[in-house]
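Chain by chain, the residues:
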Amino acid sequence: MKRKNFGKIGVIIAFFTTGLHYFEIIDVYVNGIIGAIAFVLLSISFFDRIKNWLMDHPKINPFNNYFNMYSSPIRLLPTVMIVGFHKTATTSLHEYLIQHPNVIEPLRKEIGYFSIFFWRGEMWYRSHFPTIFSNFKQNRKNKNFVVLDSDPNCSYHPYSPKRIRDRLPNIKLIFVLRNPVDRAWSDFNQDLNRNWISKEIFEDKIKDDENDFDKMIKLLKSEKLQSDYFKEIQRPYLSIGKYVVHIKKWLKYFSREQILFLTTDELKSDLDGSLQK
C-alpha cells in the first residue's frame, strides 16, 4: 500500500511540476507579447515626435523635395482655387478641371496651406507647384492657362479669407453648393466609413452641432495643428452647410466678380456648361 501511495504522490508531483513548467513558458510568452506591444506603442509615440519635429523644420526635412523647396521663388502660385465645401463634389470638379490642357495642377490635391498647414511657410507651399518655365511654355503656345489649387477646409476656416487675399489678391475662387441636409448626411457617412467616429445615430450626432462648430473654430485658431488634425477636430455636419454665414466672411475680402458659385445639381445635369463658366 505504501508503495502504491508513494507512486500516486510521485505522479501528482510530476503533474504539478510539468504544469508549472508550462505555466512559466506561457508567462514568458505573455510577458513577451506585452513587452512587444509596449515597444510598438512607445515607438509610435517616438516616431510621431520625430515626424512632427521634421514637419516643424521643412527646410531640413529629408522627406521634402529639396529642389522644389529651394527653387520656390521661381515657382507659380495658384490663380484659381476651389475653396468649398466638403462633400459637394469639389474632388470631382478638381479632377474634371485638371484634365484640361490649360490647367496646371499642383503635385497633390488639397495642400492645405491656407487652412491647416499655414505654419509650414510659403516656401513649402510653393514647392507643390511647377516653375515659371511652365508659364513660358504655355505663352509660346498662345494659350491662356490657370494654376489650380483646392482646399475645402478654407470655406469655414476663420483665417483663410484674409490669408489668401494678402498673398493672392487677384485669385478666382470657386464654391460648390449642395443641399445642406444631403451634404451633412454624406459627410457623416464618410466619417463612419473612415472610422473617424463611432457608430452613432445621425440625429444624436447633430444635437451638439453648434458646440462642435465652436470647438472646431477654437482649435483652428491655434497657431499650429499637427498631422493628426482630423483626429483632433470633429467637423460639425450642419454648421458647415450654413453657406451664407461662411460666404459673407469671404465677401469682406473679395469682390463678387472673383467668386464663382456652382451647385452639385449643375455639375450633374450640365457638366460641360458648368466647366465653361
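Residues numbered from 1 in each chain as written. Predicted model: local features only at pLDDT ≥ 70, side-chain atom pairs only at ≥ 80, totals over all residues. Heavy atoms only, no water.

J.: What's the story with the overall build of the protein chain in this structure? I'm lost.
T.: Within the protein chain, the secondary structure is distributed over 13 helices and five strands. When the 277 residues of the protein chain are sorted by exposure, 39% land in the buried category. For the protein chain, the proportion of contacts with a sequence separation of at least 24, taken over those separated by at least 6, is 75%. (Helix = DSSP H or I, 4+ residues; strand = E, 2+ residues; numbered from the N terminus. Buried < 20%, exposed > 50% of the residue type's maximum accessible area, 1.4 Å probe, protein only. Contact = heavy atoms within 4.5 Å.)

J.: Hey, could you run me through the sheet that holds strand E1 (residues 80-84) in this one?
T.: Within a beta sheet, neighbouring strands are joined by backbone hydrogen bonds and run either parallel or antiparallel to one another. Reading across the sheet, the five strands line up as E2-E3-E1-E4-E5 and stay open at both edges, with parallel pairing between neighbours. In this open sheet, the two edge strands, each paired with only one partner strand, are strand E2 (103-104) and strand E5 (259-263). Direction of pairing for E1 relative to strand E4 (residues 172-177): parallel, over a ladder of four bridges. Bridging from a neighbouring strand, Met81 pairs with Leu173 of E4. (Pairing = 2+ DSSP bridges.)

J.: Sorry if this is basic, but what is going on with the pairing of E4 here?
T.: Two faces, one strand: in a regular strand the side chains alternate between the faces of the sheet. With five bridges connecting them, E4 and E5 associate as parallel partners. Paired with Leu173 across the strands is Ile259, a residue of E5.

J.: Would you mind showing me how to read the side chain of Arg126 here?
T.: Relative to the elements of secondary structure, Arg126 occurs in helix H4 (residues 122-126). Setting aside chain neighbours within four positions, we find Arg126 in contact with Ser72, Pro73, Arg75 and Leu77.

J.: Any chance you could explain the packing of aromatic side chains here in plain terms?
T.: In this description, a pair of aromatic rings is defined by centroid distance and the angle of the planes. Across all of its chains, the model carries 16 aromatic pairs by this definition. Taking the centre distance of 5.6 Å and the plane angle of 80° together, the rings of Phe175 and Trp250 count as edge-to-face. Remark: Trp250 occurs in helix H11 (residues 243-251) and Phe175 occurs in strand E4; sequence separation between them is 75 residues. Residue classification places Trp250 among the buried residues on the basis of a relative accessible area of 0%. Through pairs of rings, three or more aromatic residues link up here, namely Phe85, Phe175, Tyr243, Trp250, Phe254 and Phe261. Cation over ring: Arg120 sits above Phe117, and NZ or CZ is 4.1 Å from the ring centre. (Phe/Tyr/Trp six-rings, centres within 6.5 Å; stacked < 30°, edge-to-face > 60°. Lys NZ or Arg CZ within 6 Å of the ring centre and 35° of its normal.)

J.: Could you clarify how one ought to interpret the confidence of the model for the protein chain in this entry?
T.: Residues shown with low pLDDT carry predicted positions that ought not to be read at fine detail. Looking at the protein chain, pLDDT values average 79 and 69% of them are 70 or higher. Confidence over residues 1-6 falls short of pLDDT 50; this stretch has zero contacts with residues more than four positions distant or in other chains. Taken together, the stretch residues 19-24 has pLDDT below 50 and engages in zero contacts with residues farther than four places along the chain or on a different chain. (pLDDT = per-residue confidence, 0-100.)

J.: Honestly, the pattern of salt bridges in this entry has me stumped. Any pointers?
T.: Summed over the entire model, instances satisfying the criterion amount to eight salt bridges. Where Lys162 meets Asp166, a salt bridge forms, and the shortest distance between an N and an O atom there is 2.8 Å. Here the residue Lys162 and the residue Asp166 both occupy positions in helix H6 (residues 160-167), the gap between them amounting to four residues, near one helical turn. One continuous salt-bridge network, built from bridges that share partners, spans Lys162, Arg165 and Asp166. (Salt bridge = Lys/Arg side-chain N within 4 Å of Asp/Glu carboxyl O.)

J.: Explain the nonpolar core here, please?
T.: Of all hydrophobic cores here, the largest spans 34 residues; its most connected members are Met81, Val83, Phe114, Tyr125, Ile164, Leu173 and Trp250. Those elements that provide at least two residues to this core are E1, H4, E4, helix H9 (209-220) and H11. When residues in this core are grouped by element, the largest group, four residues, is from H9. Those residues within four positions of Met81 in sequence are excluded, and the remaining contacts are Phe114, Asp149, Asp151, Cys154, Ile164, Ile171, Lys172, Leu173 and Ile174. Counting eleven residues, the second largest nonpolar core, distinct from the first, contains Ile82, Leu97, Ile98 and Leu148. (Core = buried A, V, L, I, M, F, W, Y, C linked by side-chain atoms within 4.5 Å.)

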